[in-house]
Each structure stands twice: as C-alpha cells, then as structure tokens.
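Listed here are the chains, written in short residue letters.
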Amino acid sequence: MKNIVLFASGSGSNVENIVQYFQNNVNVTIACVLTNKRDAKVIDRCNRLKINCLYFNKNAFSSTDCVLKILQSYKPDLIILAGFLWKIPSNLITNFPNKIVNIHPALLPKYGGKGMYGNNVHKAVKENNETETGITIHFVNENYDEGAIIQQEKTLVNPSDSMEDIASKVHQLEYEYFPKVIEKLLLEV
C-alpha cells in the first residue's frame, strides 16, 4: 500500500483530479490533504470526497515541527504539492528527500521563482509573446522551482490566446499528466 499526502492552497481542482484518478486503485491511499488557508475551497472538495483535510498556520509550518510530525504519522511515500504556494521548510525537505513533488504551470526554468504561480505565470507568458508554455513536474528542494525536473509537457500558445485560454490549456496538461507521473513515481519508491 502506498500513501500520498497532498498539500493545496486554493480550489483543489488538482487534488480532486488526483483523488479521482486513484479512487479505484487498491494499492494507493490519499492519506490526507493539508492546507494553509482556513477558507480554501479544497476543504469543501475534501469534505465532499470524504478525504481527511487539515489546516495549519504559518507558525506550525515554518517555526515548529508540527507539520513534520503530522506527515511522519501518515508515513507518506510521496508528498504532492497540488497548488500549494508556500516555500517548503528545510525540516520537511531533509526528512522527505526526493519524496516531495510539485507541479509548476510553466516550462521551468522559465517563469519560476517566488511569486510566479497561477495567473502571474500565464500573464507573463502572454506579455512575452511566448509560442509555447506547459507544465513542469519536479522534486522540491530548498529553492522555489529549482528541484530536479521529473517531466515537462508543452502546449502551443497562439497570438490570439487570452490569459484565460493559456490557463485552460495548462490546466488540461496538469489534469492529464500529474496523476500519471505520481503513479509512475509510486512504482519507484
């Protein structure tokens, strides 16, 4: 049995997609979803999907071992950042080496780093007249968006695409590839 713990900060569409992908897989359990926003929509999704969801604040995450102890209690094979916006503290990286995986809505190293998430990325792609964008699934290290790349997938950007069009194309890549990459990684751990 493989255990996954998910982290999310927002609506949780990637969380729901991952839960649905693994719902009939008897070898994979979504042990818990952790969120840093008390009013995140992912909480409603977790309630509907009957998935444990815990909220934590900045102090519990960055200044204590509270979140580390929660994670250790679940014994995750992988920790998946599915739209989680805070930098992962070193105590988690040290205790879960090459087990924390993030998805980024651009082709890293382009459009990575602090503040580069969601629509900020899509706006930059549009403003820079990029002809392609995509997703990067990567391991997490001490720096924003600099961990080893696991997989990238691309989509074309047309000059007529709005920021919303770009976001939609990227979301489709996320929904298609993120669960498959997680499944492949679980076979390796």
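As a reminder, the structure under discussion sits directly above these lines.
On a predicted model such as this, the values are computed, not experimentally measured, just so you know.

Draft legend 1. Seen up close, the sheet that holds strand S4 (residues 78–81). Across the sheet, 7 strands lie side by side as S3-S2-S1-S4-S5-S6-S7; this open sheet has mixed pairing. Each having just a single partner strand, strand S3 (53–55) and strand S7 (149–156) make up the two edges of the open sheet. Sheet twist, expressed as the mean angle between neighbouring strand axes with direction ignored, is 20°. Bridge count for strand S1 (residues 2–8) against S4 is 4 bridges, and the pairing is parallel. Counted as the bridge partner of Leu 6 is Ile 80 from S4. Across the sheet, helix H2 (residues 41–49) lies against S1, strand S2 (28–35) and S3, angled at about 150° from S2, the strand it touches most.

Draft legend 2. Quick peek at H2. Buried within H2 are the following residues: Val 42, Ile 43 and Cys 46. The buried residues of H2 occupy an angular sector of 105° when projected down its axis, which confines them to one face. In this structure, H2 carries Lys 41 and Asn 47 as exposed residues pointing more than 90 degrees from its buried face. Buried-residue contacts for H2 involve S1, helix H1 (13–22), S2 and S3.

Draft legend 3. Structural view of the pairing of strand S5 (residues 100–104). The element S5 is largely enclosed, with a buried count of 5 among its 5 residues. Here S5 shows two buried faces, one formed by Ile 100, Asn 102 and His 104 and the other by Val 101 and Ile 103. Where S4 and S5 come together, 3 bridges link them in parallel fashion. Its bridge partner being in S5, Ile 79 is matched across the sheet by Ile 100. Crossover handedness for the path S4 to helix H5 (residues 90–95) to S5: right-handed. Here S5 runs beside strand S6 (residues 132–139); their pairing, made up of 4 bridges, is antiparallel. Each bridged residue has a counterpart across the sheet, and for Val 101 the counterpart in S6 is Phe 139.

Draft legend 4. Looking closely at the nonpolar core. Counting residues in each nonpolar core, the largest one holds 38 residues, and the members touching the most others are Ile 4, Ile 18, Ile 80, Phe 178 and Ile 182. Of the residues forming this core, the biggest block, 9 residues, is contributed by helix H7 (residues 163–188). Beyond its immediate sequence surroundings of up to four residues, Ile 80 is in contact with Ile 4, Val 5, Leu 6, Phe 7, Ile 18, Val 101, Phe 178 and Ile 182. By size, the runner-up hydrophobic cluster in this structure holds 20 residues, among which are Phe 7, Val 67, Ile 79 and Ile 100.

So, how was this worked out
- Residues numbered from 1 in each chain as written.
- Predicted model: local features only at pLDDT ≥ 70, side-chain atom pairs only at ≥ 80, totals over all residues.
- Heavy atoms only, no water.
- Pairing = 2+ DSSP bridges.
- Helix = DSSP H or I, 4+ residues; strand = E, 2+ residues; numbered from the N terminus.
- Axes fitted to C-alpha atoms, helices over the stretch in contact; angles between N-to-C directions.
- Contact = heavy atoms within 4.5 Å.
- Buried < 20%, exposed > 50% of the residue type's maximum accessible area, 1.4 Å probe, protein only.
- Arc of directions from axis to C-beta.
- Right-handed = clockwise from strand over helix to strand, strands pointing away.
- Core = buried A, V, L, I, M, F, W, Y, C linked by side-chain atoms within 4.5 Å.

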